[in-house]
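# Coordinates in review
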Amino acid sequence: MNIEPQLSTTTTVDHVLVWLRADLRVSDNTALNRAIASGLPVIAAYIATPMQWYQHYVSGRQIDLIERRLHVIKQQLHDISIPLLILEGDDFSVATDIIINVCQQYQISAVYCNRQHAWNEKQRDRAVEQALLAQDKQWHCSDDFCALPPGSVVTKQQQMYKVFTPYRNAWLTQFLMHNYQPVTNSDTVTPSAQCADLLAGNIDASCNIQTFNYTKQDSVLWPVDEGAIQQRLQMFCETKAEYYQQQRDFPAIDGTSCLSPYLAIGALSARQCLSALLQTLPQCVEINKDNGAFVWLSEVVWREFYNHLLDSDERLSKNQSFQLYTDNVRWLENSVHVHAWQQGQTGFPLVDAAMRQLATTGWMHNRLRMITASFLTKDMLCDWRIGEQWFMQQLIDGELASNNGGWQWAASTGTDAQPYFRVFNPTTQSERFDPNGEFIRQWLPELKSVPDKYIHAPSLWSGFGSVNYPLPIVDHKQMRLLAIERYKQAKTEY
Ligand code: FAD
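Residues numbered from 1 in each chain as written. Predicted model: local features only at pLDDT ≥ 70, side-chain atom pairs only at ≥ 80, totals over all residues. Heavy atoms only, no water.

As a further point, take the pattern of salt bridges. All told, the structure shown has 20 salt bridges when counted by the stated rule. A salt bridge links Lys-240 to Asp-254; the nearest nitrogen and oxygen atoms lie 2.9 Å apart. Of the two residues, Lys-240 is situated in helix 8 (residues 226–240) and Asp-254 in the loop between helix 9 (244–247) and helix 10 (260–265); the sequence distance between them amounts to 14 residues. The exposure class of Lys-240 is buried, given its relative accessible area of 15%. Several salt bridges converge on common partners, so that one network encompasses Arg-25, Asp-28, Asp-144 and Arg-271. (Salt bridge = Lys/Arg side-chain N within 4 Å of Asp/Glu carboxyl O. Helix = DSSP H or I, 4+ residues; strand = E, 2+ residues; numbered from the N terminus. Buried < 20%, exposed > 50% of the residue type's maximum accessible area, 1.4 Å probe, protein only.)

So, in structure tokens, the structure goes:
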């Protein structure tokens, strides 16, 4: 733990602190902009919490991405005369001590940050706020992770929407009518010259962690410099958004934006995404909404929906099912099957290809997240929390609200979820969304020689014996009936 940064020269003016968390960007960062607008010299800080990351199964890939991104931001901040301290504490409980220490050390009169929506983070912030107020220091927490703040899109009864479509309609009305402001990427930041002593290197090197004390995995597939991220967004809006609706379900096609890792760590904001889309294709929300760009916008709104839900219902931060009756479902506890699913060895080619894509890259296509989650919860009757945790450990874009939302949707335990009696058939899904087996062959090279006709169910091929690939671990028809029966029973018992 490293909570006592030492400044070798004595500061004489007040500073303000911007505490970076899931908002690792310099452009369009509300807390940073507000800190700069205070007129006082700004210091930025990031606190790494390895113990906390282990406890919440944050993937080594995401931590690697964060570390690489911080190096970029450090330079960007330096260019506008803001020094960045990279500190480390075990977990959230030391955040208060670290912030208070930094405030004392650097004569900080106010702390700025952007709100986080999970329960633990909210508790941590409350503790820090109280400690700061007790020392007559200001605490300014802004809404920034979503384009519209949680609590601002509610029913006439002031309740959070439980169903997505009416939520999206209300969200859209509000966004377009009242709040939408195009975002420019160059912020109007004023260099704070008074930080020159800190920028000149007068900070004890011990308070700038070079590498996190965490088991990391390579994230180099994802560039972290500003230009590359903005270019990916722009390129998607200009060349792919129009076709999104037709292409987004086919994993062999590069038809989605692949921006989720950046949105998860805040290297990109939802506002920036929506702004780029609406500046490129402004008509997409006005004409018939059945168009690719609007469907993409709706996906960004799903992210808002799940984050607003997380903010409004602390059960979602605490591993609880949204639909209480589903706590009565009697899950099967078959660790051999779970292991086969994790390793991409279930004998269902598209499920296995997806799980290997996840293991190799840390990212998985959305259609495949739905198929693999449905397979785990319905075909294997395994508790959704086991899958949620595994995804979190693997995903580079792991984000509590969307991951929990996606898992509870697939497991039929969430709000506005897939009804429990509608069970994906993994073979039919494979035939529909990877018709020629292109994606399957990319990730399962052992199936390269299997003829197209059998690629979705290779065990039916007469040459299967020559292929090093498992037989299906379950019988889909039987498991579908059993899953429906178990959910029905759970509902009756509730
Ligand atoms: P695009 O299709 O280009 O969509 C643009 C952005 O919209 C995404 O980057 C993402 O921020 C948001 N988005 C898209 N679909 C969804 C959705 N269904 N729910 C919420 N936001 C969405 N997304 C995460 O960011 N982190 C997760 O941990 C995560 N876990 C998931 C787990 C399951 C079981 C399921 C079914 C979905 C999960 N998703 C998660 C949602 C979705 O699969 C990913 O956001 C998407 O695949 C990312 O790829 P993309 O950036 O190309 O998305």
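The structure having been displayed, the exposition proceeds.
The next subject is the packing of helix 12 (residues 292–312) against helix 17 (residues 400–410). One can describe the packing of helix 12 onto helix 17 by two numbers: an axis separation of 8 Å at closest approach and a directional angle of 100°. Classed by the angle they form, the pair helix 12 and helix 17 counts as roughly perpendicular. Contacts between helix 12 and helix 17 involve Arg-303, Tyr-306, Asn-307 and Leu-310 on the former and, on the latter, Leu-400, Ala-401, Ser-402, Gly-405, Gly-406 and Trp-409. For the contact of helix 12 with helix 17, the class distribution of residues is five nonpolar, four polar and one charged. (Axes fitted to C-alpha atoms, helices over the stretch in contact; angles between N-to-C directions. Parallel < 35°, antiparallel > 145°, perpendicular 65-115°, else oblique. Contact = heavy atoms within 4.5 Å. Nonpolar A, V, L, I, M, F, W, Y, C, P; charged D, E, K, R; others polar.)

This part is about the environment of Gln-478. Summarising the element assignment, Gln-478 is placed in helix 20 (residues 476–493). The spatial distance from the C-alpha of Gln-478 to the C-alpha of Asp-379 is 8.6 Å, given a sequence separation of 99 residues.

Here we come to the side chain of Lys-378. With respect to the helices, strands and loops of the structure, Lys-378 is situated in helix 15 (residues 366–379). At 3.2 Å, the side chain of Lys-378 forms a polar contact with the backbone oxygen of Ala-410. (Polar contact = N/O pair within 3.5 Å; in protein donor to acceptor, adjacent residues only side chain to side chain.)

Generally speaking, a soluble globular protein has its nonpolar side chains buried in company with each other. Formed by 81 residues in total, the largest nonpolar core has its most connected members in Leu-77, Trp-171, Phe-212 and Leu-297. Tallying contributions element by element places helix 12 first for this core, with 11 residues. One finds Trp-331, Ala-373, Ala-411 and Val-423 within the second-largest nonpolar core, a separate group that totals 49 residues. (Core = buried A, V, L, I, M, F, W, Y, C linked by side-chain atoms within 4.5 Å.)

So, on to unusual backbone geometry. The backbone of Tyr-57 sits at a positive phi, close to 55°, despite the residue not being glycine. Considering the arrangement of structural elements, one finds Tyr-57 in the loop between helix 2 (50–55) and helix 3 (60–79). The exposure class of Tyr-57 is partly exposed, given its relative accessible area of 34%. Despite not being glycine, Ser-81 has its phi angle at roughly 65°, a positive value. Under the relative-accessibility criterion, Ser-81 is labelled buried at 17%.

Taken together, the five strands give an open sheet; going across it, the order is 3-2-1-4-5, and neighbouring strands pair in parallel fashion. If you trace the sheet from one side to the other, it starts and ends with strand 3 (84–88) and strand 5 (138–142), each paired once. In this sheet, adjacent strand axes meet at a mean angle of 25° when their direction is disregarded. The pairing of strand 1 (residues 15–20) with strand 2 (residues 42–48) spans five bridges and is parallel. Within strand 2, the position partnered with Leu-20 by the bridge is Tyr-46. Where helix 3 meets the sheet, it contacts strand 1, strand 2 and strand 3, and its direction lies at approximately 150° from that of strand 3. (Pairing = 2+ DSSP bridges.)

Quick look at the site of the ligand now. As a matter of local geometry, the ligand sits amid 28 residues, with Tyr-244, Thr-256, Ser-257, Cys-258 and Asn-366 nearest to it. Between a nitrogen atom of the ligand and a side-chain N or O atom of Glu-299, the distance comes to 2.9 Å. Burial of the ligand by the protein chains amounts to 96% of its free accessible area of 810 Å². When contributions to the shell around the ligand are tallied by element, the ones reaching two or more residues are helix 10, helix 12, helix 15 and helix 17. The leading source of residues in the shell around the ligand is helix 12, at six residues. Class assignment of the residues belonging to the shell around the ligand gives a composition of 15 nonpolar, eight polar and five charged. (Near = heavy atom within 4 Å. Areas by Shrake-Rupley, 256 points an atom, 1.4 Å probe, with all protein chains shown as cover.)

Looking now at the packing of aromatic side chains. By convention here, two paired aromatic rings are described through the distance between centres and the angle between planes. Per the stated rule, a full pass over the model turns up 27 aromatic pairs. With a centroid separation of 6.4 Å and an interplanar angle of 35°, the aromatic rings of Phe-164 and Tyr-167 are classed as tilted. Within this pair, Phe-164 and its partner Tyr-167 are both found in helix 6 (residues 164–179), separated by three residues, close to a single helical turn. The same class applies to Phe-164 and to Tyr-167, which are both buried. Aromatic pair Phe-164 and Phe-305: ring centres 5.6 Å apart, planes at 70°, arrangement edge-to-face. Here Phe-164, found in helix 6, pairs with Phe-305, found in helix 12; they are 141 residues apart in sequence, far enough to count as distant. In this structure Phe-305 comes out as buried when scored by relative accessible area, which is 0%. (Phe/Tyr/Trp six-rings, centres within 6.5 Å; stacked < 30°, edge-to-face > 60°.)

The subject of this paragraph is the confidence of the model for the chain. It should be kept in mind that the predicted coordinates are not to be read in detail where pLDDT is low. Mean pLDDT for the chain: 93, with 92% of residues reaching 70 or above. Below pLDDT 50 for its whole length, residues 1–10 participates in 30 contacts with residues either more than four positions away or in separate chains. Predicted complex metrics record ipTM = 1.00 and pTM = 0.95. (pLDDT = per-residue confidence, 0-100.)

On to helix 12, then. For helix 12, spanning 21 residues, the distance from its first C-alpha to its last is 30 Å, which sits close to the expected 30 Å at 1.5 Å a residue. By the criterion of burial, helix 12 is predominantly enclosed, with 17 of the 21 residues buried. (Expected span 1.5 Å × (residues − 1).)

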